[in-house]
Amino acid sequence: MTSTSTDPLAGRTILMSGGSRGIGLAIAVAAAARGANVVILAKTDTPDPRLPGTVHTAVDEIERAGGAGLAVVGDVREEADVERAAAAAVDRFGGIDVVVNNASALNLTGTADLTPKRYDLMQDINSRGTFLLFRAALPHLRASDRARVVTLSPPVTTAPHWLGRFPAYALSKIGMTILTLGWAAEFAADGIAANCLWPETAIGTAAVQNLLGGDETVARCREPRIMADAATALLDLPQDRTGEVFLDVDVLREAGVTDFSGYGGGDDPELDFFVDELSS
């Protein structure tokens, strides 16, 4: 698909996994505010009493922000659902320019206590879901004049203090990174730029509040808005910027942002997983 606007995101179509709430929703709304079309594939057809938002309320927010949205109720683990989402994006908007691999499962249980069922769930949503979404979009990305992939996954590490903390989760998330960096090389000749984005600090979402420490932890988290600003800044980079793993603050610094205090987190923000210290 070709855009005639001077804004790199205006008129572009984004296919995103997840996005009913949290970081994914923030990215979707930020892109929509710049005129993007956003197609969200998520299971959240009805409200969850523990977590706000559905795929339908997400589309409402996208459209209020000024973009066009499309909700596809489905499971990123299911090939048929993913293919249906890609087909719906093309049918509604004429193509796919950007894939955002956002859906993810978090389970920090150690090996002895992690059941095979929960292990499979993490691998299926995280690395396998990333593979399925990209593969379904690939023919349409090849047809775009500005094809991009953004995967929310961390820098590759072999540090024992990270791998030994939660090997199964680390495998699923670093697997997302390996796939994305692999696609950057595999499809360089097709002009598909593929990069990863990861937060320097914990991000204050409902999931973090419910699963990882409550109000005290959230007070030390930055807002999802920092990842939205970083993701849109990443999508603004030249097409030859590919095969990189960015922290949110790094891509924002490259865009000219030097003060992150407005994103919250206080004077001593909580570092995210796979990050050992605040960058300068």
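Reading the values: the criteria
Residues numbered from 1 in each chain as written. Predicted model: local features only at pLDDT ≥ 70, side-chain atom pairs only at ≥ 80, totals over all residues. Heavy atoms only, no water. Helix = DSSP H or I, 4+ residues; strand = E, 2+ residues; numbered from the N terminus. Polar contact = N/O pair within 3.5 Å; in protein donor to acceptor, adjacent residues only side chain to side chain. Contact = heavy atoms within 4.5 Å. Pairing = 2+ DSSP bridges. Axes fitted to C-alpha atoms, helices over the stretch in contact; angles between N-to-C directions. Salt bridge = Lys/Arg side-chain N within 4 Å of Asp/Glu carboxyl O. Buried < 20%, exposed > 50% of the residue type's maximum accessible area, 1.4 Å probe, protein only.

(A) Looking closely at the side chain of N101. Mapped onto the elements, N101 comes out in strand β4 (residues 98–101). Engagement of the side chain of N101 in a polar contact is seen with the side chain of T151, the distance being 2.9 Å. Apart from the residues lying within four places of it in its own chain, the contact partners of N101 are S17, T130, L133, V149, V150, T151, L152, M176 and W183.

(B) Structural detail: the sheet that holds strand β2 (residues 37–42). One open sheet accounts for seven strands, arranged β3-β2-β1-β4-β5-β6-β7; its pairing is parallel. The open sheet has two free edges, formed respectively by β3 (68–73) and β7 (245–247), since each of these has just one partner strand. Sheet twist, expressed as the mean angle between neighbouring strand axes with direction ignored, is 20°. The sheet contact formed by strand β1 (residues 13–17) and β2 spans five bridges and is parallel. What sits directly across from L15, in β2, is V39. Along the sheet, helix α1 (residues 22–33) makes contact with β1, β2 and β5 (148–152), crossing β1 at roughly 175°.

(C) Summary view of the environment of A147. Counting through the fold element by element, A147 comes out in the loop between α4 (116–143) and β5. Taking the C-alpha atoms as reference, A147 lies 7.9 Å from I96; in sequence the two are 51 residues apart. Residue contacts for A147: discarding those within four places in its chain leaves D97, L141, G191, I192, A193 and Q239.

(D) Fine view of the pattern of salt bridges. Applying the stated criterion across every chain, the model contains 14 salt bridges. In this structure, R12 and D145 form a salt bridge, with 2.7 Å as the shortest nitrogen-oxygen distance. With R12 in the segment before β1 and D145 in the loop between α4 and β5, this pair connects stretches of sequence that are 133 residues apart. Looking at R12, the relative accessible area reads 7%, which means it is buried. Residue classification places D145 among the partly exposed residues on the basis of a relative accessible area of 45%. Residue R241 pairs with E244 through a salt bridge whose shortest N-O separation is 2.6 Å. What emerges from the salt-bridge pattern is a single network uniting D7, R34 and D236.

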